[in-house]
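Summary of the model geometry
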Amino acid sequence: MAKKSDLIIGFIIILIIGVSCYWVLNKFFQWIGSLDSDVAIATISGALTISGAVVATVIGKYYERKKEVEARFHSEKAAVYEEFIERFLNLFEENNENAEQELTAYISEWRRKILVIAGPDTIKKYANLMNYAVQNPDPDLKLVLLMEELFKSIRRDLGLSNKNLSKGFFATIILRNPDSFLHALEKGDHVKIADLED
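Given the structure is predicted, the values throughout are model-derived calculations rather than measurements. (Residues numbered from 1 in each chain as written. Predicted model: local features only at pLDDT ≥ 70, side-chain atom pairs only at ≥ 80, totals over all residues. Heavy atoms only, no water.)

Thoughts on the overall build of the chain
Counting secondary structure elements, the chain contains eight helices and zero strands. When the elements of the chain are put in sequence order from the N terminus, they spell out α-α-α-α-α-α-α-α. The proportion of buried residues among the 198 residues of the chain is 25%. Within the chain, contacts between residues separated by at least 24 positions form 53% of all contacts whose residues are at least 6 apart in sequence. Per element, the accessible surface of the chain, about 14000 Å² overall, is 61% carbon and sulfur. (Helix = DSSP H or I, 4+ residues; strand = E, 2+ residues; numbered from the N terminus. Buried < 20%, exposed > 50% of the residue type's maximum accessible area, 1.4 Å probe, protein only. Contact = heavy atoms within 4.5 Å. Areas by Shrake-Rupley, 256 points an atom, 1.4 Å probe, with all protein chains shown as cover.)

And the structure:
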């Protein structure tokens with residue numbers, strides 16, 4: 001019932017604004033018509049110049065503000081992504097026995113952040129990675145490739161190109177034994193990561 005009354009009130013307000021605009025414009029043109037032609041031309045020229053300057057200033061300020069907000073948001077997004085990647089890569093560092101527990105705690109916090117800052121593709125890649133990790137607790141090459149897809153999506157979200165970054169490229173940066181990874185990848189993506197390290 002409230003929505004119907006809101007709709008009626010909105011329609012009445014629009015009608016009043018429309019009638020008011022029509023009345024003001026009608027009076028303005030009647031007034032212009034009653035003036036001498038030289039005065040009318042000068043008045044119209046002045047009004048158009050002032051109106052154009054005001055519109056240009058307002059539009060300029062709008063786009064300037066929009067750019068500032070986008071730049072600030074991009075900076076915040078980059079910081080969140082950088083922190084996530086740093087913590088994620090820490091999992092693959094040697095002699096870091098607590099990395100997995102630290103990452104698990106951080107991921108629950110990062111989940112909230114990703115919903116606010118990430119683009120749709122990055123959220124989807126993150127969900128794919130996390131779902132696969134939960135269903136397959138013994139990491140394999142597919143998990144690494146899903147992680148790579150997330151990293152590529154993050155790069156795209158930040159406006160970076162992934163051109164010429166072949167499949168498995170990020171894994172060669174992350175894993176301690178990248179050659180065995182690339183060789184195992186030829187056999188399929190279900191080779192366990194632990195088998196690569198041996």
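A few points about the pattern of salt bridges
For the structure on display, the rule yields five salt bridges. Between Lys77 and Asp157 there is a salt bridge; the shortest N-O distance is 3.2 Å. Remark: Asp157 occurs in helix H5 (residues 141–157) and Lys77 occurs in helix H2 (residues 37–90); sequence separation between them is 80 residues. Where Asp121 meets Arg156, a salt bridge forms, and the shortest distance between an N and an O atom there is 3.0 Å. Of this pair, Asp121 sits in helix H4 (residues 120–135) while Arg156 is found in helix H5, placing the two residues 35 residues apart along the sequence. Exposure remark for Asp121: the relative accessible area of 32% places this residue in the partly exposed category. (Salt bridge = Lys/Arg side-chain N within 4 Å of Asp/Glu carboxyl O.)

Section: the packing of H2 against H5
The geometry of H2 relative to H5 is characterised by a closest axis approach of 11 Å and an angle of 160 degrees between their N-to-C directions. Between H2 and H5, the crossing angle belongs to the class labelled roughly antiparallel. For the pair H2 and H5, the sense of crossing is left-handed. Along its contact with H2, which presents Lys77, Tyr81, Phe84, Ile85, Phe88 and Leu89, the element H5 presents Met147, Leu150, Phe151, Ile154 and Asp157. (Axes fitted to C-alpha atoms, helices over the stretch in contact; angles between N-to-C directions. Parallel < 35°, antiparallel > 145°, perpendicular 65-115°, else oblique. Left-handed = near helix turned anticlockwise from the far one by under 90°.)

A short note on unusual backbone geometry
For Asn164, which is not glycine, the phi torsion reads 70 degrees and is therefore positive. On the secondary structure map, Asn164 appears in the loop between H5 and helix H6 (169–174).

Quick word on H5
Given a rise of 1.5 Å per residue, 17 residues ought to cover 24 Å, and the 24 Å separating the end C-alpha atoms of H5 matches this to within 8%. Among the 17 residues in H5, 12 count as buried, and that is most of the element. In the stretch just after H5, Gly159 is the one whose phi turns positive, near 90 degrees. (Expected span 1.5 Å × (residues − 1).)

Some points on the confidence of the model for the chain
The predicted model of the chain averages 79 in pLDDT, with 79% of residues at 70 or higher. At the level of individual helices and strands, the chain shows its lowest average pLDDT in helix H8 (residues 193–197), which scores 60, and its highest in H4, which scores 87. (pLDDT = per-residue confidence, 0-100.)

What to know about the nonpolar core
Residues Phe84, Trp110, Tyr126 and Leu129 are the most contacted members of the largest nonpolar core, which totals 26 residues. Of all the secondary-structure elements, those providing two or more residues to this core are H2, helix H3 (99–117), H4, H5 and H6. Of all the elements, H5 adds the most residues to this core, at seven residues. Each residue touching Tyr126, except ones within four places of it in the same chain, is listed here: Phe84, Ile107, Trp110, Arg111, Ile114 and Leu150. (Core = buried A, V, L, I, M, F, W, Y, C linked by side-chain atoms within 4.5 Å.)

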